[in-house]
Amino acid sequence: MEIKEIRLEELDPKKFVEEKIKEISSIVGDSLAVNALSGGVDSSTVTMLGHRALGDRLKTYFIDNGLMREGETESIVSRFKNLGVNVKLVDAKEIFFDRLKGLRDPEEKREAITQTFYKDVFNKIVRNSGAKYLLQGTNYTDVEEAVKGIKRQHNILEQLGIDTEKEYECKVIEPLIQLRKPAIREIAKFLGLPEEIHNRPPFPGPGLAARIIGEVTLEKVEIVRKATKIVEEELRSTKIFQCLAILHEDKVTGVREGKRDYGWQVEVRCWDSKDAVMASPTRLPYDILDRLAERITGEVVGVVSVTYNITKKPPLTIEAL
Ligand code: XMP
């Protein structure tokens, strides 16, 4: 089936929302639907649309993979609670860390996270929920990239070899499939989602694991989580596309209080970009860089080196994997 894009210029948010609510209600009827919320703009918008259409007959789950930023899981769940949406939190940290054990290759790590999500965790949730329908936040760019073979999209189930009717006993509903991100942000705003959600900077599906070079361990996630918090705090007021901290695999020799300190290296990236396809490092003032180095080496135990990456995308990518 050919999918036709609805461009931002031709989008009428009120009409779109009314149509989608009607469509979801009529497809689901008296049955139940299920969806997974990550807090990103796509899954948040789908959650709100589904909630408006179905109320309590939409079962929304937040799967905590242990790879989120500090306080992120709790804040997303409570934000939705305030909007009247009851989100069930599923603690799946152990299984994700278990599946990531020993993996160092970036693609193997991504694959492990995707497979763990869809095949070990989410399918059990869906089957146990009694739902007949699965609401999914697939967008137009996902479809386009999948068709062109640019990227394996984590949310296109068919591409992951998942037959939802067989494995989940559910039919998929994709209300955002005709929209790209800027249009989805408009719908999110129209649905009353707060600025932190409708304007949320991108955060990768594999979470902080996309920012750890080499094996992902609890200790390393803790380091990158603390460094990320500092980077986001220091750069929040700057008009940037995205900023991040990456933890390197190799340690280097440092010195503290006159003694050798063999410690971790953190790399900071801060990007100017329109659409993440091409990006340039932000020309940050030196005093900000200086503060980042001071805070990260001072507040994150074990880090002795902070660098700033000055490479453009391409050839680099925004995340480390
Ligand atoms: P890269 O690293 O490919 O990232 O230059 C481009 C943009 O996409 C985000 N990103 C992801 N988003 N799932 C996502 O939902 C992913 O697996 C993923 N990987 C990267 C990244 O943060 C950047 O904005």
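What you see is a predicted model, and the numbers here were worked out from it, not measured in a lab.

## Focus on the domain arrangement of the protein
Alright, step 1. Annotation of the protein at the domain level lists domain 1 (8-198) and domain 2 (217-308).
Alright, step 2. On a C-alpha basis, the centres of domain 1 and domain 2 stand 30 Å from each other.
Alright, step 3. Counting residues at the interface gives 7 residues for domain 1 and 8 residues for domain 2.
Alright, step 4. Between domain 1 and domain 2, roughly 650 Å² of surface is buried when both sides are summed, and carbon and sulfur atoms account for 52% of that area.
Alright, step 5. Looking at the side of domain 1 facing domain 2, the largest losses of area belong to Arg69, Glu70 and Phe97, adding up to 67% of the total buried there.
Alright, step 6. Across the domain 1-domain 2 interface, the total number found is 3 salt bridges.
Alright, step 7. Where domain 1 packs against domain 2, one counts 4 residue pairs in polar contact (both at pLDDT 80 or more).
Alright, step 8. For the side of domain 1 that touches domain 2, the residue count by class is 3 nonpolar, 1 polar and 3 charged.

## Observations regarding the environment of Thr138
Alright, step 1. The topology assignment puts Thr138 in the loop between β4 (133-135) and α6 (140-148).
Alright, step 2. Since its relative accessible area comes to 1%, Thr138 is described here as buried.
Alright, step 3. Within the local environment of Thr138, its side chain forms a polar contact with the side chain of Glu174, the two groups lying 2.6 Å apart.

## Observations concerning the pattern of salt bridges
Alright, step 1. Going through the model one piece at a time under the given rule, you end up with 27 salt bridges.
Alright, step 2. Of the charged contacts, one joins Asp64 and Lys93 as a salt bridge, the two residues approaching to 3.4 Å between their closest N and O atoms. Of this pair, Asp64 sits in strand β2 (residues 58-64) while Lys93 is found in helix α4 (residues 93-100), placing the two residues 29 residues apart along the sequence.
Alright, step 3. Judged by relative accessible area, Asp64 falls into the buried class, the value being 9%.
Alright, step 4. If you follow the salt bridges from partner to partner, you end up with Glu70, Lys229, Glu233, Glu234, Arg291, Arg295 and Glu299 in one network.

## Comments concerning the state of the cysteines
In protein structure, a disulfide is the covalent linkage between the sulfur atoms of two cysteines.
Alright, step 1. Under the definition given, this model contains 0 disulfides.
Alright, step 2. Of all cysteine sulfurs in the structure, the one in Cys270 sits closest to Cys243, which takes part in no disulfide; the separation is 5.5 Å.

## Here's the deal with helix α3 (residues 72-82)
Alright, step 1. Along α3, the residues that are buried comprise Glu72, Thr73, Ile76, Val77 and Phe80. Looking straight down α3, one finds its buried side chains confined to an arc of 130°; they lie on one side. Of the exposed residues in α3, those oriented more than 90 degrees away from the buried face are Lys81 and Asn82.
Alright, step 2. Where α3 is buried, its residues meet α2 (41-54), β2, β3 (87-91) and α9 (195-198).
Alright, step 3. Taken from the residues just after α3, Gly84 is the one with a positive phi, measuring 90°.

## Some remarks on the sheet that holds β3
Alright, step 1. Reading across from one edge, β3-β2-β1-β4-β5 is the order of the 5 strands in this open sheet, with parallel pairing throughout. The strands lining the two open edges of the sheet, one partner per strand, are β3 and β5 (171-173). The mean inter-strand angle of the sheet, taken between neighbouring strand axes irrespective of direction, is 30°.
Alright, step 2. In this structure, strand β1 (residues 33-36) lies alongside β4, joined through 2 bridges in parallel fashion. Residue Ala33 lies in a different strand from β4, and its bridge partner there is Tyr133.

How each quantity is defined
Positions within a chain are numbered from 1, following the residues in the order the chain's sequence is written. Reporting in this predicted model follows two pLDDT cut-offs: at least 70 for local features of residues, and 80 or more for side-chain atom pairs to be given and counted; totals over whole chains, interfaces and linings ignore these cut-offs and use all residues. Side-chain calculation: all heavy atoms of the structure are included, whereas hydrogens and water are not. Segmentation into domains, and thus their bounds, comes from an automatic or database assignment. Note on definitions: a residue-residue contact is assigned when non-hydrogen atoms from the two residues lie within 4.5 Å. Put simply, buried area is how much 1.4 Å-probe accessible surface two parts lose in total, over both of them, once they are put together. Criterion for a salt bridge: a side-chain nitrogen of Lys or Arg within 4 Å of a carboxyl oxygen of Asp or Glu. Any pair of N or O atoms that falls within 3.5 Å is considered a polar contact. Within protein, one atom must be able to donate a hydrogen and the other to accept it, and sequence-neighbouring residues count only if both atoms are side-chain atoms. Gly is placed with the polar residues, together with every amino acid not listed as nonpolar (Ala, Val, Leu, Ile, Met, Phe, Trp, Tyr, Cys and Pro) or charged (Asp, Glu, Lys and Arg). Each helix is a run of DSSP H or I of at least 4 residues and each strand a run of E of at least 2, with the numbering of both proceeding from the N terminus. Remark: exposure states derive from per-residue accessible area (1.4 Å probe, protein chains only) relative to the maximum for the residue type, with buried under 20%, exposed over 50%, and partly exposed in between. Cysteine sulfur atoms that pair up within 2.5 Å are treated as a disulfide. What the arc measures is the spread of directions leading from the helix axis to the C-beta atoms. Note: two strands are recorded as paired if DSSP finds a minimum of 2 bridges between them. Only the stretch in contact is used when a helix axis is fitted, and all axes are lines through C-alpha atoms; the angle between N-to-C directions ranges over 0 to 180 degrees.

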